[in-house]
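Each chain, letter by letter, is given below.
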Amino acid sequence: MSGIFEKINMTPKQVINIILLLLLLIFIVQNVEAVRVKFLFTGFDLPLIIIIVISFFIGFLTSKAFFSKKTKVKEEEPGKEDRT
């Protein structure tokens, strides 16, 4: 299997990324029609892919806000008090 990747001079990760990118492009091309969005008291037309991307980023930012890695403050080791 690794012989195939050496022959095309690409890593398996690069091949997977290219395949995912192609699938994303197909998805985008198939979802360009405008849809009616009703929000609160207004309505507007947007391409479906824009709505999907906006929803993705809202979810991404929400998850980053609530589940961010919190850096722990280093606690001083016992016996190493600051003697000034």
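None of these values were measured; they are calculated from a predicted model. (Residues numbered from 1 in each chain as written. Predicted model: local features only at pLDDT ≥ 70, side-chain atom pairs only at ≥ 80, totals over all residues. Heavy atoms only, no water.)

**Details of the pairing of strand S1 (residues 34-39)**
Using the following cut-off: For each residue, the accessible area found with a 1.4 Å probe, counting protein chains only, is set against the maximum for its type, and the residue is called buried under 20%, exposed over 50%, and partly exposed in between. Only DSSP runs of H or I covering at least 4 residues are called helices, and only runs of E covering at least 2 are called strands; the numbering of each starts at the N terminus. Strand pairing is defined by DSSP finding a minimum of two bridges between the two strands.
Across the 6 residues of S1, 0 count as buried, placing the element largely on the outside. Strand direction decides the pairing type here: S1 and strand S2 (residues 42-47), joined by 6 bridges, are antiparallel. From the neighbouring strand, phenylalanine 39 faces S2, where its bridge partner is threonine 42. The antiparallel pairing of S1 with S2 creates a hairpin that spans 2 residues between the two strands, and leucine 40 there sits at a positive phi of about 55°.

**Focus: the pattern of salt bridges**
Rule in force here: Should a side-chain nitrogen of Lys or Arg be within 4 Å of a carboxyl oxygen of Asp or Glu, the pair is scored as a salt bridge.
Taken as a whole, this structure holds 1 salt bridge when the rule is applied. One salt bridge in this structure joins aspartate 45 and arginine 36, with 3.7 Å as the shortest N-O distance. Note on arginine 36: relative accessible area 52%, which makes it exposed.

**Comments concerning the confidence of the model for the protein**
Put simply, the rule is: pLDDT measures the predictor's confidence residue by residue and takes values from 0 up to 100.
When the pLDDT values of the protein are averaged, the result is 78; 73% of them are 70 or greater. Mean pLDDT in the protein bottoms out at helix H1 (residues 2-8), which sits at 66, and peaks at S2, which reaches 88.

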